[in-house]
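Residues per chain, in single letters:
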Amino acid sequence: ELDLFDNKISGTIPTELSQLPLKILHLSTNQLSGSLPPIFNPDLEILDVSVNDLDGTLPEELFDATLLKEVNLSMNRFSGTLSSDIDRLSGLRKLLIGLNSFSGDVPISFGDLKSLEIFHATYNDLTGSMPNEVCDLLDFRLKRLSTDCASTGSGRPAKITCSCCTLCLEGNNP
């Protein structure tokens, strides 16, 4: 385990972290910047890089860390679309991606995450409709599903349509 929570660490994340046999990598609440490098070893179960200044798209190598149970990417500046390869993380229980700039649709493959308990995706630029396959996860373990599915007070429509979300927010709806 490497827990460097709230240490005021700045700079980029070193790629050498991938060589450490870590099960838990907690780099939250620092001043890390740049993109998320492929730092995912085969044993990694918990990845928390929330509350930093990371940007760019997610590396495809993230989906090779098939033992991941919790991923917290919240409060960064990540962008791009959500990968349909997410289904390779079959044991994923928590996926927290709120307060970023992810765009596009939520892929249907998210519905294959039968262990998923929490999926927070508020304050992004996700659009379209939440797939029925994701809504069906509420019959399994999914307890919390949140997106920007509320219309704004000024009458603007919601960014994403979700008939099953447990929490709908307005998000960054201009």
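Conventions we followed
- Residues numbered from 1 in each chain as written.
- Predicted model: local features only at pLDDT ≥ 70, side-chain atom pairs only at ≥ 80, totals over all residues.
- Heavy atoms only, no water.
- Helix = DSSP H or I, 4+ residues; strand = E, 2+ residues; numbered from the N terminus.
- Rg over C-alpha atoms; globule rule 2.2 N^0.38 Å.
- Areas by Shrake-Rupley, 256 points an atom, 1.4 Å probe, with all protein chains shown as cover.
- Salt bridge = Lys/Arg side-chain N within 4 Å of Asp/Glu carboxyl O.
- Buried < 20%, exposed > 50% of the residue type's maximum accessible area, 1.4 Å probe, protein only.
- Phe/Tyr/Trp six-rings, centres within 6.5 Å; stacked < 30°, edge-to-face > 60°.
- Core = buried A, V, L, I, M, F, W, Y, C linked by side-chain atoms within 4.5 Å.
- Contact = heavy atoms within 4.5 Å.
- Disulfide = S-S within 2.5 Å.

## Quick look at the overall build of the protein chain
Then comes step 1: When helices and strands are tallied, the protein chain shows one helix and 16 strands.
Then comes step 2: Over its C-alpha trace the protein chain gives a radius of gyration of 16 Å, about what one expects of a compact globule, namely 16 Å for 174 residues.
Then comes step 3: Counting only C-alpha atoms, the protein chain reaches 45 × 35 × 20 Å along its principal axes.
Then comes step 4: Accessible area for the protein chain stands at about 8,200 Å²; split by element, carbon and sulfur atoms hold 50% of it.

## Structural notes on the pattern of salt bridges
Then comes step 1: In total, this model carries eight salt bridges according to the counting rule given.
Then comes step 2: Residues D85 and R88 are paired through a salt bridge, measuring 3.6 Å at the closest nitrogen-oxygen approach.
Then comes step 3: A residue is classified by how much of its surface remains accessible, and R88, at 33% relative accessible area, is partly exposed.
Then comes step 4: Each of K23, E45 and K69 takes part in salt bridges that share partners, so that together they form one network.

## Side note on the packing of aromatic side chains
Then comes step 1: Within this structure, the stated rule accounts for two aromatic pairs.
Then comes step 2: Considering the side-chain rings of F78 and F102, the 6.3 Å spacing of their centres and the 15° angle between planes classify their relative orientation as stacked. Here the residue F78 occupies a position in strand β8 (residues 77–81), and F102 occupies one in strand β10 (residues 101–104), the gap between them amounting to 24 residues.
Then comes step 3: Judged by its relative accessible area of 0%, F78 falls in the buried class.
Then comes step 4: On the basis of an interplanar angle of 40° and a centroid distance of 5.2 Å, the ring pair of F110 and F119 is categorised as tilted.

## Some words on the nonpolar core
Soluble, globular proteins show a tendency: their nonpolar side chains are buried together.
Then comes step 1: F119 and M130 are the most contacted members of the largest nonpolar core, which totals 46 residues.
Then comes step 2: Sequence-distant contacts of F119, defined by excluding residues within four places in its chain, comprise L95, I97, V106, F110, M130, L142, R144, L145 and S146.

## Section: the state of the cysteines
Simply put, the disulfide is a covalent bond whose two ends are the sulfur atoms of two cysteines.
Then comes step 1: Taken as a whole and judged by the stated rule, the model has three disulfides.
Then comes step 2: Here C149 is linked by a disulfide to C168, with a sulfur-sulfur distance of 1.9 Å. On the sign convention where negative is left-handed, the bridge of C149 and C168, at about -100° about the S-S bond, is left-handed. Taken as a pair, C149 in the loop between β14 (144–147) and β15 (160–161) and C168 in strand β16 (residues 167–168) lie far apart in primary sequence, 19 residues in all.
Then comes step 3: Since its relative accessible area comes to 13%, C149 is described here as buried.

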